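Below, each chain spelled out in residue letters.
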Amino acid sequence: MGFLFVLIVGLVAGTISGIVGTGSSIMLMPGLVYEYGPKQAVPIMAVAAVMANLSRILAWWRDVDWRACLAYSLPGIPAAALGARTLLALPSHAVDVAIGLFLIAMVPVRHVLARHQLKARLWHLCVGGALIDYLTGIVVSTGPLSVPLFLFYGLTKGAFLATEAASSLGLYLSKSVTFERFGALTPDIALKGLITGSSLMFGAFIAKRFVLKLEPDIFRLVMDAIMLAAGVSILWTAATSQ
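Owing to the predicted nature of the structure, the values given are computational and were not obtained by experimental measurement. (Residues numbered from 1 in each chain as written. Predicted model: local features only at pLDDT ≥ 70, side-chain atom pairs only at ≥ 80, totals over all residues. Heavy atoms only, no water.)

**Thoughts on the packing of aromatic side chains**
Consideration 1: Summed over the entire model, instances satisfying the criterion amount to 2 aromatic pairs.
Consideration 2: Measuring from ring centre to ring centre gives 5.5 Å for Trp61 and Trp66, while their planes differ by 65°; the resulting arrangement is edge-to-face.
Consideration 3: The partly exposed category is assigned to Trp66, whose relative accessible area is 42%.
Consideration 4: Measuring from centroid to centroid gives 5.0 Å for Tyr72 and Phe150, while their planes differ by 50°, and the two rings are tilted. Of this pair, Tyr72 sits in helix α4 (residues 66–88) while Phe150 sits in helix α7 (residues 143–153), placing them 78 residues apart in sequence. Just as Tyr72 is buried, Phe150 falls in that class too. (Phe/Tyr/Trp six-rings, centres within 6.5 Å; stacked < 30°, edge-to-face > 60°. Buried < 20%, exposed > 50% of the residue type's maximum accessible area, 1.4 Å probe, protein only. Helix = DSSP H or I, 4+ residues; strand = E, 2+ residues; numbered from the N terminus.)

Here it is, written out as structure tokens:
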């Protein structure tokens, strides 16, 4: 029943993230942490995220901005591997608390970034990719921070969804390889990630028909609600597991 619940949440998360461009990791993590614990949940989510981003690339293949993708992901891939290695050195309870606090803190941070109306260039994507992807290696998802970076570069709707997914694919592959290299991605965990990721993939294709109808205000409200709910949920799990 627990795994069925994860699959259902994965389908919903895949659909919503396919519309807003991010959020699948944030929505799934509380269920994965509850079901498997934080040290298993993170590599499971890394495998599932590879599949989720692959599905968005396939759905929007013609809209990928490959210059922006390379500028963001080339420095980001090794940074994500370093972040994943940092994660494995941390105690499970500290991982729970860090994930929860980070998700909650991203709500005001995202609003501050949005108010400045910045225009990003390729070198901004390079620097942002390295910093954001290092954090992604530790705290699972920093999508709400990468979203404004790509939007400030000028990408919208299908181009944004496709390019963000293509950029994220490399870093999640990097995380998965790092987890496997240090023994955190066993065949059993990889299988759980593949099954979880399949539900995210279905959700991404369901979402495509809704993308053009999404209003910016709805996007912001959905992301704020997702981050707050997921952060509080994970902190609650950390507090009650002691």
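**A look at a nonpolar patch on the surface**
Consideration 1: A cluster of nonpolar side chains, contributed by Leu11, Phe202, Ile206 and Phe210, occupies part of the molecular surface with about 380 Å² of accessible area.
Consideration 2: Positionally, Ile206 belongs in helix α9 (residues 187–207).
Consideration 3: On the accessibility criterion, Ile206 (38% relative accessible area) is partly exposed. (Patch = residues over 30% accessible without salt bridge, like charges linked within 9 Å, V, L, I, M, F, W, Y side chains within 5 Å. Areas by Shrake-Rupley, 256 points an atom, 1.4 Å probe, with all protein chains shown as cover. Salt bridge = Lys/Arg side-chain N within 4 Å of Asp/Glu carboxyl O.)

**Side note on the confidence of the model for the protein chain**
Consideration 1: In this model, the protein chain carries an average pLDDT of 78, and 88% of its residues clear a pLDDT of 70 or more.
Consideration 2: Mean pLDDT values over the elements of the protein chain span from 72, in α7, up to 85, in α4. (pLDDT = per-residue confidence, 0-100.)

**Let's talk about the nonpolar core**
Consideration 1: Ranked by size, the top nonpolar core spans 62 residues in total, and within it Leu28, Met29, Leu32, Met45, Leu125 and Phe179 carry the most contacts.
Consideration 2: In terms of residues, this core owes the most to one element, helix α3 (residues 38–59), which gives 12 residues. (Core = buried A, V, L, I, M, F, W, Y, C linked by side-chain atoms within 4.5 Å.)

**Points about the packing of α3 against helix α8 (residues 157–181)**
Consideration 1: Two numbers describe how α3 lies on α8: the axes approach to 8 Å, and their chain directions differ by 150°. Classified by the angle between their axes, α3 and α8 sit roughly antiparallel to one another. As α3 packs across α8, the resulting crossing turns out to be left-handed. Here Val42, Pro43, Ala46, Val47, Ala49, Val50, Asn53, Leu54, Arg56 and Ile57 of α3 come into contact with α8, specifically with Leu161, Ala162, Glu164, Ala165, Ala166, Ser168, Leu169, Tyr172, Leu173, Lys175, Ser176 and Phe179.
Consideration 2: By residue class, the composition of the contact of α3 with α8 is 16 nonpolar, 3 polar and 3 charged. (Axes fitted to C-alpha atoms, helices over the stretch in contact; angles between N-to-C directions. Parallel < 35°, antiparallel > 145°, perpendicular 65-115°, else oblique. Left-handed = near helix turned anticlockwise from the far one by under 90°. Contact = heavy atoms within 4.5 Å. Nonpolar A, V, L, I, M, F, W, Y, C, P; charged D, E, K, R; others polar.)

**Regarding the side chain of Thr178**
Consideration 1: As for its placement among the helices and strands, Thr178 is situated in helix α8.
Consideration 2: Dropping the residues within four chain positions of it, Thr178 is found in contact with Ala81, Ala84 and Arg85.

**Describing helix α2 (residues 24–36)**
Consideration 1: Look at α2: 17 Å from first C-alpha to last across 13 residues, which is about the 18 Å you get at 1.5 Å a residue.
Consideration 2: Where α2 bends most, the angle comes to about 30°, and this point is Pro30.
Consideration 3: Most of α2 sits inside the fold, with 11 of its 13 residues counted as buried.
Consideration 4: Among the residues making up α2, those that are buried are Ser24, Ser25, Ile26, Met27, Leu28, Met29, Pro30, Gly31, Leu32, Val33 and Tyr36.
Consideration 5: Phi turns positive, to about 90°, at Gly37, one or two residues after α2. (Expected span 1.5 Å × (residues − 1). Bend = angle between axes of the 7 residues up to and from the residue.)

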